[in-house]
Amino acid sequence: MNALATLIYQNYKNDIPSKFANVTASERDAAIREEFFNVLGLTEGYSKRAFRNAWRDNKNKVYAITEEIAIQLLNNGDLEKDSFFNNFVEVRNLALGDSIEFIVEAENEVEFAEFSGSHMNLRRQRIENYGAFVPEMKEYGIRVYAYWEQVAAGRISFDVLVQKIALAMNKKLAEIAQATFADALKNLPTEFKVSNGGSGVEEEAVLEMLAHVEAANGVKPMLVGTEVALRQLTGITTLDRYSSNMKDTLNKNGLLDVWNGHILMPIKQGHKMGTFDFTMDNNVIYALCGDEKPVKLALEGDVIVKEIGDGLTNADMSVEQAVSFKAGCGVQYNKLFGLIQLSNS
């Protein structure tokens, strides 16, 4: 990466180079701005006309830097990872040589049958080694803009614009992964679902369902959901059954670590892009077993940055660019899930 791209990338990661270790954030911003001037061929004290001409001649270099940083963020896995991403999403990046095909080891249960012993006429049971899955790749894009006058006057920092793009990419990937996961669990067997019958979810019904999940997988399931959902679940257990340590944990963290022997794992809630709609359902909890990551996310590893307006052609004199990337997502799992529907709303 060139000097400007490196500075912005390190600033985004908060990986401050040694020469900036003892300077303020505003001084680092000034260094980024100076490199921005170098790319445009400008010096301090420029006129608006000089900036306009410099932007017209060198804007493609600026867009190339945006593209380079965004690709670096995708390929290095530097996008912010929350607990859901860390624990439930397996990422493949085609730009790094990864295969787009996800392989999950199959779970095989072999049953013994009673027979007379004088023959070997038994039903054959095939043992599968693995299952393969290839997600469908789709294209996602965002458009960002800033007013040309603000860019020219330095009131909008170029690195801030790039960081907003990076954060938007991260948010979109998290939304894709969470929505795919939630959609895949709608058709579970009845034995693995507990629903609100109108008077709330009953503790014994939940524990019976969890016993089914454990029996099917041979492992005690953990309970995964948003903090709001998990607090609803633990609320069905009356406080007089809580130990002093449990009350201290609840008071300190707002949530228990364990409920009836099952580990609770909160998922960070998010908003769908451009809305105030939550990405995860606050009335659903999932019972999961094993360390296999069920959500399979494939990234093409390339990012395209395209100019929409250069501040001189848009009617509102805005500098606008579109950023697009390709990703595919699906769910493949070799265990049986459980689902707790806390509310029918």
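Residue numbers restart at each chain and count upward from 1, following the sequence in its written direction. Whole-chain, interface and lining totals are the exception, using all residues; otherwise, since this is a predicted model, local features are given only for residues with pLDDT of at least 70 and side-chain atom pairs are given and counted only at 80 or more. With hydrogens and water set aside, each side-chain value is computed from the structure's full complement of heavy atoms.

(A) A look at the pairing of strand S8 (residues 262–267). Paired strands are those between which DSSP finds at least two bridges. Helix and strand labels come from DSSP, where a helix needs a run of H or I of at least four residues and a strand needs a run of E of at least two; each type is numbered from the N terminus. Summarising the sheet, strand S6 (residues 222–226) and S8 pair through four bridges and their orientation is parallel. Its bridge partner lying in S8, Gly225 is registered against Pro266. One ladder, built from two bridges, connects strand S7 (residues 258–259) with S8; its direction is antiparallel. Each residue of the ladder has a partner; that of Val258, found in S8, is Ile263. The turn joining S7 and S8, which pair antiparallel and follow one another in sequence, is formed by two residues; a positive phi near 50° is taken by Asn260.

(B) Focus on the packing of aromatic side chains. Ring geometry is summarised as follows: Phe, Tyr and Trp rings, the Trp one being its six-membered ring, pair when their centres sit within 6.5 Å, and such pairs are stacked at plane angles under 30 degrees, edge-to-face over 60 and tilted between the two. Applying the stated rule across the entire model yields four aromatic pairs. Seen in terms of ring centroids, Phe88 and Phe181 are 6.2 Å apart; in terms of plane orientation they differ by 25°. Their pairing is stacked. Remark: Phe181 occurs in helix H6 (residues 158–184) and Phe88 occurs in helix H4 (residues 83–88); sequence separation between them is 93 residues. Between the aromatic rings of Phe181 and Tyr286, the centroid separation amounts to 4.9 Å while the plane-to-plane angle is 70°, which identifies the pairing as edge-to-face. Residue Phe181 is found in helix H6, and its partner Tyr286 is found in strand S9 (residues 284–288); the two are separated by 105 residues along the sequence. Only protein chains enter the area calculation, which uses a 1.4 Å probe; residues under 20% of their type maximum are buried, those over 50% are exposed, and those in between are partly exposed. According to the relative accessible area criterion, Phe181 is buried, its value standing at 0%. Following the ring pairs from residue to residue traces out a cluster consisting of Phe88, Phe181, Tyr286 and Phe337.

(C) Representation of the pairing of S9. Of all the five residues making up S9, five are buried; the element is thus mostly covered by neighbouring parts of the structure. Neither face of S9 is open: one carries Val284, Tyr286 and Leu288, the other Ile285 and Ala287, and all of them are buried. When S6 meets S9, the two strands line up antiparallel, connected through three bridges. The partner of Leu223 across the bridge, within S9, is Ala287.

(D) View of the environment of Gly225. With respect to the helices, strands and loops of the structure, Gly225 is situated in strand S6. Spatially, the C-alpha atoms of Gly225 and Asn282 are 7.5 Å apart, while their sequence positions differ by 57 residues. Contact between two residues is taken to exist if any of their heavy atoms lie within 4.5 Å; hydrogens are not considered. Aside from chain neighbours lying at most four places away, what touches Gly225 is Leu230, Met265, Pro266, Ile267 and Val284.

(E) Quick peek at unusual backbone geometry. Even without being a glycine, Asn260 presents a positive backbone phi close to 50°. Judged by its relative accessible area of 33%, Asn260 is partly exposed.

(F) Examining the sheet that holds S7 more closely. Judged by pairing direction, the sheet is mixed, and its six strands sit side by side in the order S5-S12-S9-S6-S8-S7 without closing on themselves. Each of the sheet's edge strands pairs with one partner strand only, and the pair in question is strand S5 (193–195) and S7. Of the strands in this sheet, S5, S6, S7, S8, S9 and strand S12 (338–341) touch helix H7 (residues 203–217), which is tilted by about 165° from S12. Every angle, taken between N-to-C directions, lies between 0 and 180 degrees, and every axis is a line fitted to C-alpha atoms, over only the stretch in contact when it is a helix. Taken strand by strand, helix H8 (residues 227–234) contacts S6, S7, S8, S9 and S12, and its axis lies near 125° from that of S6.

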